[in-house]
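Close look at the chain arrangement
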Amino acid sequence: MSNPFARAKYLLAAHTPQQLPPDGGFEVAFAGRSNAGKSSALNALCQQNALARVSKTPGRTQQLVFFDFPPHDNRFLVDLPGYGYAKVPRDLKAHWQAFLAQYFREREALKGLVVVMDIRHPLKEYDRQMIAFAVEHGMPAHALLTKADKLGRGAAGNTLQAVRKELLALHGDKVSVQTFSGETNIGIDEARGVIARWLEIGRPAPKPAS
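Residues numbered from 1 in each chain as written. Predicted model: local features only at pLDDT ≥ 70, side-chain atom pairs only at ≥ 80, totals over all residues. Heavy atoms only, no water.

Looking at the sheet that holds strand β5 (residues 110-118)
Adjacent strands of a sheet pair through backbone hydrogen bonds, lying either parallel or antiparallel. To keep things clear, this is the line we draw: Here, strands pair whenever DSSP counts at least two bridges between them. Elements are defined by DSSP. Helices are runs of H or I of four residues or more, strands are runs of E of two residues or more, and each kind is numbered from the N terminus. Angles run from 0 to 180 degrees between N-to-C directions of axes, and those axes are lines fitted to C-alpha atoms, restricted for helices to the stretch in contact.
Ordered by their spatial adjacency, seven strands build an open sheet running β1-β3-β4-β2-β5-β6-β7, and the pairing between neighbours is mixed. Two strands close off the open sheet at either side, each with one partner strand: β1 (9-14) and β7 (175-179). Averaged over all pairs of adjacent strands, the angle between their axes in this sheet comes to 25 degrees, without regard to strand direction. Two strands pair when backbone bridges link them, and β1 and strand β3 (residues 64-69) are joined in this way by five bridges, in the antiparallel orientation. The partner of Ala 14 across the bridge, within β3, is Leu 64.

Have a look at this one:
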């Protein structure tokens with residue numbers, strides 16, 4: 001399939017709700033612990049090497065980072081801050097918890113959440129919280145089991161089935177799961193398809209309220 005995200009580019013970074021772009025169109029957010037490979041997954045999905053910053057220091061994403069991708073107007077990919085291992089001050093962590101809670105609760109443009117997790121260490125507490133957060137706010141979630149190339153096919157398949165079974169028991173059909181590798185392109189068309197469907201690419205997006 002052709003890649004609708006190939007022309008993705010940085011739009012803005014928001015540290016407070018007031019800095020968010022107008023609430024309209026369609027957005028898909030990406031969440032993941034700091035070492036889960038979220039930036040690498042975004043780069044692979046968009047066929048770009050440095051769209052999302054890949055850092056050797058986990059947790060450097062401390063804003064909601066928005067990317068748009070012409071010619072698809074009013075559609076955005078949103079990189080959420082990841083704090084699995086990041087050493088951040090308590091007041092900053094509290095700020096982000098409040099900001100994200102408001103974003104999930106009030107953002108009408110938000111159509112789905114991709115939760116990125118290392119296939120070798122899936123469903124940590126943060127992953128479960130983010131998936132539950134999405135489901136509680138009435139939106140679908142997609143679990144992206146990254147670094148699938150680090151496991152043999154059998155082990156990767158077993159992990160996929162175990163994660164799928166657990167999430168099905170907890171959330172029914174509101175959460176989908178797949179294996180993924182930005183290094184070897186495992187599952188890349190499947191992931192693009194899920195995101196493109198949520199963003200309703202192929203039909204006009206609503207204009208933001210002025």
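Concerning empty space enclosed by the protein
Inclusion rule: Here a cavity denotes grid points, spaced 1 Å and computed from the protein atoms alone, that fit a 1.4 Å probe unable to get out, and a pocket denotes an open set having protein on both sides within 12 Å along at least 5 of 7 lines; residues with an atom within 4 Å of a point are the lining. Grid points are joined across faces, edges and corners, and a volume is the space filled by probe spheres set on the points. Each residue gets one of three labels, nonpolar for Ala, Val, Leu, Ile, Met, Phe, Trp, Tyr, Cys and Pro, charged for Asp, Glu, Lys and Arg, and polar for the others, Gly among them.
Enumeration according to the criterion identifies one cavity of 30 Å³ or more in this entry. Lining the largest cavity, in full, are Arg 33, Asn 35, Ala 36, Val 116, Met 117, Asp 118, His 121 and Asp 127. Among the elements that line the lining of the largest cavity, the one with the most residues is β5, at three residues. Tallied by class, the residues present in the lining of the largest cavity amount to three nonpolar, two polar and three charged.

Some remarks on the pattern of salt bridges
For side chains of opposite charge, pairing can occur when their charged atoms come near one another. Here is the rule: A carboxyl oxygen of Asp or Glu within 4 Å of a side-chain nitrogen of Lys or Arg is what we treat as a salt bridge. Buried, partly exposed and exposed residues are distinguished by accessible area as a fraction of the type maximum, computed with a 1.4 Å probe on protein chains only: under 20%, between the cut-offs, and over 50%, respectively.
Evaluated as defined, the whole model comprises nine salt bridges. Across the pair Asp 68 and Lys 9 runs a salt bridge, and its minimum N-O distance is 2.8 Å. Placement of Asp 68 in strand β3 and of Lys 9 in strand β1 is noted, with a sequence separation of 59 residues between them. For Asp 68, a relative accessible area of 15% puts it in the buried group. The partly exposed category is assigned to Lys 9, whose relative accessible area is 39%.

Any functional reading would require information beyond the geometric quantities listed.
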